[in-house]
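Chain and residue survey
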Amino acid sequence: WWIFMLFSVLNLYFFCKGFMKYTPFVSVALLLYMRFSYLQLDFMFLRQGLAIAMFFYAIKYIKIENPYKYFFLISISCLFHISSIILFPVYFLVSRSYRTNALWGLALLAFVLGMLPWVEILFSVIERPLELVGLASPIKSYLYGENWVDQGKGFSFSMLEKLIVLLFFSYYYN
C-alpha cells in the first residue's frame, strides 16, 4: 500500500505544481481534472499518471528553454512508462508558432481519428511482422482485451463534452 500512496502523492504534487504555475484559476483546473476522471485514472494507472504528471511539470523547462532538465525529467518518466518516449520531440515542436487554422485542423483530425478504428486497422496490417518478434500477442491482448474492447470508439458524450470545453477555452484564449 505504501507504493500506491507514494505514487499518488507524487502525481498530485506534480499536477498541483503545474496548475499553480500555468493558470491563475487553480481551483477550476483541479475541478476539470477531477470532472474528467483524470484523478481516478491516476489512481488506477499510477505509472502512466506519474509519467503524465512529470511531463506536465517539465513544461516549465520548455518555457524557460532548459533542454537538459526537460530531457532529464522525460527520461525519468520513461522509467515509469515507456510511452513517454514520444515526449522527447515535444520540446522542439512547441517552440514554433503555428497558425490558428492549423491547430484547429489538428484538433479536428484528432476528433475524427478518435471515432475511427484506425489502431485496429493499423494492427491488422503490421500483425505478421510483430508475430515474428513476439510482440503480436501482448499488443492484441491490450487492443482486444475485455477491459478495453469498447473504449474510445465512436462518438460519445465524453467526446462532445471535451469538444465543448476546448471551444470554450479557445474562445477566451488571448
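Residues numbered from 1 in each chain as written. Predicted model: local features only at pLDDT ≥ 70, side-chain atom pairs only at ≥ 80, totals over all residues. Heavy atoms only, no water.

1. Describing the overall build of the protein
Along the backbone of the protein there are ten helices and zero strands. Helices and strands in the protein line up, N terminus first, as α-α-α-α-α-α-α-α-α-α. Put simply, the protein has 174 residues, and 25% of those count as buried. Taking as baseline every contact in the protein between residues at least 6 positions apart, the subset at least 24 positions apart corresponds to 60%. Surface exposure of the protein reaches about 12,800 Å², of which carbon and sulfur atoms provide 71%. (Helix = DSSP H or I, 4+ residues; strand = E, 2+ residues; numbered from the N terminus. Buried < 20%, exposed > 50% of the residue type's maximum accessible area, 1.4 Å probe, protein only. Contact = heavy atoms within 4.5 Å. Areas by Shrake-Rupley, 256 points an atom, 1.4 Å probe, with all protein chains shown as cover.)

2. Observations concerning unusual backbone geometry
Trans peptide bonds make up the majority, and among non-glycine residues the majority have a negative phi. For Glu65, which is not a glycine, the phi torsion comes out positive at approximately 55 degrees. Looking at the secondary structure, you find Glu65 in the loop between α4 (46–63) and α5 (67–80).

3. Regarding the pattern of salt bridges
One side chain can pair with another of opposite charge once the charged atoms of both are near each other. All told, the structure shown has one salt bridge when counted by the stated rule. As a salt-bridge pair, Arg128 and Glu131 come within 2.7 Å of each other at their nearest N and O atoms. Taken together, the residues span about one helical turn, with Arg128 and Glu131 both in helix α8 (residues 118–132) at a distance of three residues. (Salt bridge = Lys/Arg side-chain N within 4 Å of Asp/Glu carboxyl O.)

4. Section: α4
In an α-helix, one turn spans 3.6 residues; hence positions three or four apart end up facing the same way. Here α4 contains 18 residues, and its C-alpha end-to-end distance of 26 Å stays within 8% of the 26 Å for a straight helix at 1.5 Å per residue. When the local axis directions of α4 are compared, the greatest deviation, roughly 30 degrees, occurs at Tyr57. Within α4 the residues assigned to the buried category are Leu46, Gly49, Leu50, Ala51, Ala53, Met54, Phe55, Phe56, Tyr57, Ala58, Tyr61 and Ile62. Just downstream of α4 lies Glu65, where phi reads positive at about 55 degrees. (Expected span 1.5 Å × (residues − 1). Bend = angle between axes of the 7 residues up to and from the residue.)

5. Comments concerning the side chain of Glu127
Checked against the element boundaries, Glu127 lands in helix α8. Under the relative-accessibility criterion, Glu127 is labelled buried at 18%. If near-sequence neighbours (up to four positions away) are discounted, Glu127 is found in contact with Ala136 and Lys140.

6. A look at the packing of helix α1 (residues 2–22) against helix α2 (residues 26–35)
Between α1 and α2, the least distance of the axes is 9 Å, while the angle of their chain directions is 135 degrees. Here α1 is positioned oblique relative to α2, judged by the angle of their axes. Regarding α1 and α2, the two cross each other, and that crossing is right-handed. When α1 is examined against α2, the residues Phe15, Cys16, Phe19 and Met20 are found in contact with a partner set consisting of Val26, Ala29, Leu30 and Tyr33. Residues of the contact of α1 with α2, tallied by class, amount to eight nonpolar, no polar and no charged. (Axes fitted to C-alpha atoms, helices over the stretch in contact; angles between N-to-C directions. Parallel < 35°, antiparallel > 145°, perpendicular 65-115°, else oblique. Left-handed = near helix turned anticlockwise from the far one by under 90°. Nonpolar A, V, L, I, M, F, W, Y, C, P; charged D, E, K, R; others polar.)

7. Topic: the packing of helix α7 (residues 100–115) against helix α10 (residues 157–171)
Direction vectors running N to C along α7 and α10 enclose 175 degrees, while the axes themselves pass 12 Å from each other. Here α7 is positioned roughly antiparallel relative to α10, judged by the angle of their axes. Across the interface between the two elements, Trp104, Ala107, Phe111, Gly114 and Met115 from α7 touch Met159, Leu163, Leu166, Leu167 and Ser170 from α10. Split into classes, the residues belonging to the contact of α7 with α10 amount to eight nonpolar, two polar and no charged.

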